[in-house]
Amino acid sequence: MAVHENELLVDVDIIHVNTTSFNQILTSMDGNLTAVKKRILEIVSTRGKLQNPITGTGGILYGRVEQIGKSYPNPYNLKIGDHIITLASLSLTPLKLDQIDQINQFSCQLKVQGKAILFGHMPLLKVNPGQLNKKYSLELLIAVMDEAGAPRQTWKLANTGNRILIIGANGKLGLLSACGAREKIGNTGKITGIVKSHESRKVLEKTGIYDEVICCDALDTIGAFNHLSTHGVLNAQEGAFDLTVNCMAVSGTEMLSLILTRNRGTIFFASLANSQKITALTSESVGKDLNIIGYTGFLEGHADFTATLLYTCPELTRQLKRLYDPKNQTQRVRQDPYPDPRILSHILKDSRDDYVFVSKPMQKVLASAVNVAKYDCTTLITGESGVGKEIIVDIIHKASDRNQYPLVKINCGTIPASLLESELFGYEKGAFSGASIQGKKGFFELAHNGSLFLDEIGELKTELQVKILRAIQEKQIYRVGGIQPIQVNVRIIAATNRSLEEMIEQGRFREDLFYRLNVFPIKIPPLRERKKDIIPLAEHFIRKYNDRFKLNKTMEQMAFQYLVEHEWPGNIRELQNVVQRILINSGEDTITLVDTIRELATGSRLSSSRAGLNAILDQTEYNVLKATRKTHKTTRKMAKILGLSQSTLVRKLKKHGL
């Protein structure tokens, strides 16, 4: 942490992690604070700053001035030992953390031991801890400084007499923005807040911060619009509000903001989670002239403005204290570990129809896919062959901001190595014998502004790995035979059924490429580890092939249960093929246990050539007994259904430990 002459060295005491970043880390670590500490230390150690590689965001810090460079401009008249809060993101601040002593999950703040370097013109706030107003604490001051741009920007955008809407009215951003608007419009106009729960509405109505508080679900665009229309909030055909401030820390509320804002009105997205691009494209498609303002991190004077709001708005301070008081919540409000079903239905409605699940492991996989989709980072999907990696890729692309551009897929294992480079990067005319006279675009160019899926990435030869790495790092490629770089804006999603870590140890895969791809890993568990999905999947495939083959077949419960006991080395792909064969080969409309055993036994002989006949028969007997035991509770009923004597059945159950 060597300080240049125009820099400042700070002894760091507290880090306030950006809410979006903290939520992402907390959710990915399943709420385990020990794991959160480890992850944050890992990010800082690897990147030299607190820059979440998924969200791209950081936070701010509080600390004491330890060293001042001789040429530091010092606009704040700082001295050694002064206490400061930085106003520049920690995603841009050189940082070294020795340890994290404590995490407050309610305020997103960490007590730490570390050092930071501030550049000459980084904005900051000088703090005298002994003179903090009794109305608010240091913790609260740090928390609002991380969002200080939003209330100042709202103040700038608001005008006397405006009708102003705050979406997410009961959170920190919403409260600050509402008070910023009130500072500007005074008793003129009207400030309306939208909250999700009736409890939040009752609390806010008592504060006087809002003129009106409406309870509705902002993620349900049509439902919220109808609710507001029914309650007389919308009195104009083109939208009710002059200024809409969207403070939601999740995407999916952009369209409600657009609908509720009048023509020639203004939308301000106070959070990084919302998409200004989607809103702009949609406003264009419906012919609505809107002033769309994205996240504003810094505005001149925003720190002093927001600190003054804390002093002059006692209800603001009281509500913010309430948000951060552990007595009022048993667990920090964070991203739901499972995605919102309304968002899922929108994402999946045009996707492949074979994504069926009920198990919690797959709910978590799906949550990871939906959550990472909104962050433009590389993703590595791992899992055995046949688990459904390509479907997860479809979901990530469809849930991302790139969904209006192509999703290009390539299997690196199916194209000969001699042709793969020209397929990936394209070629110029005359680049090699047999090349098209027009030249050809490669998959990187075809996926420009969209997503490129590199399946079986572990099959890449070392020389191509280098070129893929360069393309990811520099966002440019060279065609085969070309000398001019071509800029490409592509999101990379890779997948493999191999262990890339083992391949690195063997010298067959580049470690630097692995870390570039593995920014956000998603591991899909095999079907044998999520047995609750087997029967829903089998039912789905029966319906699918009944429709295709004009059949009307059903499967008896014991046959379903027998499928559950199978190990499924081929995963979903194997299950789909087995169900298809059973429907074709079974002679009756009801698929029996015998039909199922026959097809799976045939598959076992084919797929396990080293297994002897006795081993196959033993495994089949075990599966039949286990399946029958789950559908018939007594040995007498089991023996009858299997055509055995009760004593023989009991002996076989003991043999298999059942």
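This text follows the structure it describes.
Here, residues in each chain are numbered from 1, in the same order as that chain's written sequence. Where totals are concerned, whole chains, interfaces and linings use all residues; where local detail is concerned, this predicted model gives features only for residues with pLDDT of at least 70, and gives and counts side-chain atom pairs only at 80 or more. Computation of side-chain values covers all heavy atoms of the structure but excludes hydrogens and water.

Trainee: So what exactly am I meant to see when it comes to the overall build of the protein here?
Mentor: Counting its regular elements, the protein contains 26 helices and 21 strands. C-alpha atoms of the protein, sized along the principal axes, occupy 90 × 65 × 55 Å. When burial is assessed residue by residue, the protein has 51% of its 658 residues classed as buried. In what follows, residue pairs with any heavy atoms lying within 4.5 Å of each other are defined as contacts. Contacts in the protein between residues at least 24 apart in sequence constitute 73% of all its contacts with a sequence separation of at least 6. All accessibility values rest on the Shrake-Rupley procedure with a 1.4 Å probe; residue burial counts only the protein chains present in the view. Per element, the accessible surface of the protein, about 30,800 Å² overall, is 49% carbon and sulfur. For the purpose of counting charges, residues Lys and Arg are taken to be positive, whereas Asp and Glu are taken to be negative. His and the chain ends are not included. Here the site of a charge means NZ on Lys, CZ on Arg, CG on Asp, or CD on Glu. For the protein, the separation between the mean place of its 84 positive charges and that of its 67 negative charges on side chains is 4 Å. Numbering of helices and strands runs from the N terminus, with a helix taken as a DSSP run of H or I at least four residues long and a strand as a DSSP run of E at least two residues long. When a residue's accessible area, from a 1.4 Å probe over protein chains only, is under 20% of the maximum for its type it is buried; when over 50% it is exposed; and in between it is partly exposed.

Trainee: Help me understand the pairing of strand 18 (residues 491-496) in this model?
Mentor: Regular strands place side chains that alternate from one sheet face to the opposite one. The buried fraction of strand 18 is high, at six of six residues. The two faces of strand 18 match: Arg491, Ile493 and Ala495 on one face and Ile492, Ala494 and Thr496 on the other face are all buried. DSSP-based pairing: two strands are paired if at least 2 bridges between them are found. Where strand 13 (residues 379-382) and strand 18 come together, four bridges link them in parallel fashion. Residue pairing across strands places Ile381 opposite Ala495, the latter belonging to strand 18.

Trainee: How should I be thinking about the packing of aromatic side chains in this particular structure?
Mentor: Between two aromatic rings, the relevant description is the distance of the centres plus the angle of the planes. Pairing of aromatic rings covers Phe, Tyr and Trp, the last through its six-membered ring, and needs centres within 6.5 Å; plane angles under 30 degrees mean stacked, over 60 mean edge-to-face, and all others mean tilted. If you walk through the whole model with that rule in mind, you get four aromatic pairs. With a centroid separation of 5.4 Å and 10° between ring planes, the pair formed by Phe425 and Phe444 is classed as stacked. One end of the pair, Phe425, is in helix 15 (residues 417-425); the other, Phe444, is in helix 16 (residues 443-446), and 19 residues separate them in sequence. Neither Phe425 nor Phe444 differs from the other in exposure class; each is buried. Seen from the ring of Trp155, Arg152 lies directly overhead, with NZ or CZ sitting 4.7 Å from the centre. The residue whose ring lies beneath Lys184 is Trp155, and the NZ or CZ to ring-centre distance is 4.6 Å. In this scheme, the term charge over a ring applies when either NZ of a lysine or CZ of an arginine sits within 6 Å of the ring centre and within 35 degrees of the ring normal.

Trainee: When you look at the pattern of salt bridges in this model, what are you seeing that I'm missing?
Mentor: Side chains carrying opposite charge are able to pair once their charged atoms draw close together. Salt bridge criterion: a side-chain nitrogen from Lys or Arg within 4 Å of a carboxyl oxygen from Asp or Glu. Counting across every chain of the model gives 26 salt bridges. Ionic pairing is found between Lys115 and Asp11, a salt bridge with its closest N-O pair at 3.5 Å. Separated by 104 residues along the polypeptide, Lys115 in strand 5 (residues 109-118) and Asp11 in strand 1 (residues 8-17) bring together distant segments of the chain. Judged by its relative accessible area of 25%, Lys115 falls in the partly exposed class.

Trainee: For this particular structure, what's the right way to read helix 2 (residues 33-47)?
Mentor: Structurally, the α-helix is built with 3.6 residues per turn, so residues lying three or four positions apart point the same way. A helix is expected to span 1.5 Å for every residue after the first. The terminal C-alpha atoms of helix 2 lie 21 Å apart, and with 15 residues this matches the ideal 21 Å at 1.5 Å per residue to within 8%. Taken residue by residue, helix 2 has Val36, Arg39, Ile40, Ile43 and Val44 as its buried positions. Summarising the axial view, the buried residues of helix 2 lie within an arc of 130°, below the 170-degree limit, and thus occupy one face. Facing away from the buried side of helix 2, by more than 90 degrees, are the exposed residues Thr34, Lys38, Ser45 and Thr46. Capping of helix 2 at its N-terminal end is provided by Asn32; its side-chain oxygen lies 3.0 Å from the backbone amide nitrogen of Thr34. Taking the helix axis as origin, the arc is that swept by the directions to the C-beta atoms. Polar contact is defined as a pair of N or O atoms within 3.5 Å, subject to the rule that within protein one atom must be able to donate a hydrogen and the other to accept it, and that residues adjacent in sequence are counted only when both atoms are side-chain atoms.

Trainee: Hey, could you run me through unusual backbone geometry in this one?
Mentor: Even without a glycine there, the phi angle at Asn77 is positive, about 55°. By secondary structure assignment, the location of Asn77 is in the loop between strand 2 (59-68) and strand 3 (83-86). One non-glycine residue, Lys550, lies in the positive phi region at around 60°. Note on placement: Lys550 falls in the loop between helix 20 (534-549) and strand 20 (554-555).

Trainee: What is the right way to read the state of the cysteines from this model?
Mentor: Defined simply, a disulfide is a covalent bond joining two cysteines at their sulfur atoms. Note that a disulfide, as used here, is simply two cysteine sulfur atoms within 2.5 Å. In the structure shown here, the tally under the stated rule is zero disulfides. Here Cys179 is not disulfide-linked; the sulfur of Cys313 is the nearest cysteine sulfur, at 4.3 Å. Residue classification places Cys179 among the buried residues on the basis of a relative accessible area of 6%. For Cys313, a relative accessible area of 17% gives the class buried.

Trainee: Is there a simple way to think about the environment of Glu7 in this case?
Mentor: Inspection of the secondary structure puts Glu7 in the segment before strand 1. With relative accessibility at 8%, the residue Glu7 sits in the buried group. For the pair Glu7 and Ile68, spaced 61 residues apart in sequence, the C-alpha to C-alpha distance is 6.6 Å. Residues contacting Glu7, with those up to four places away along its chain left out, are Ala2, Gln67, Ile68, Gly69, Tyr72, Ile117, Leu118 and Phe119. Here the side chain of Glu7 touches His4 through a polar contact of 3.0 Å, landing on its backbone nitrogen.

Trainee: I would appreciate a short explanation of the packing of helix 20 against helix 21 (residues 557-565) in the present structure.
Mentor: Packed helix pairs are characterised by how far apart their axes lie and by the angle those axes make with each other. Between helix 20 and helix 21, whose axes approach to 9 Å, the crossing angle comes to 120°. With respect to helix 21, the axis of helix 20 lies oblique. Both helix 20 and helix 21 take part in a crossing whose hand is right-handed. Residues Ile534, Ile535, Ala538, Glu539 and Ile542 of helix 20 touch helix 21, and the partners they reach there are Gln557, Phe560, Leu563 and Val564. Polarity classes work like this: nonpolar for Ala, Val, Leu, Ile, Met, Phe, Trp, Tyr, Cys and Pro, charged for Asp, Glu, Lys and Arg, and polar for all others, with Gly in that last group. Of the residues in the contact of helix 20 with helix 21, the class split is seven nonpolar, one polar and one charged. Here an axis means a line fitted to C-alpha atoms, over the contact stretch when the element is a helix, while the angle between two N-to-C directions is reported on a 0 to 180 degree scale. Working rule for angles: under 35 degrees goes down as roughly parallel, over 145 as roughly antiparallel, 65 to 115 as roughly perpendicular, anything else as oblique. Two helices crossing with the near one rotated counterclockwise from the far one by less than a right angle form a left-handed crossing, whereas a clockwise rotation gives a right-handed crossing.

Trainee: Help me understand the sheet that holds strand 19 (residues 520-523) in this model?
Mentor: Across the sheet, which stays open at both edges, the five strands sit in the order 14-15-18-13-19 with parallel pairing between neighbours. Strand pairing shows two members of the sheet lacking a second neighbour, strand 14 (407-411) and strand 19, which therefore form its edges. Each adjacent strand pair in this sheet contributes to an overall mean axis angle of 15°, direction not counted. Bridge count for strand 14 against strand 15 (residues 451-455) is five bridges, and the pairing is parallel. Residue pairing across strands places Lys409 opposite Phe453, the latter belonging to strand 15.

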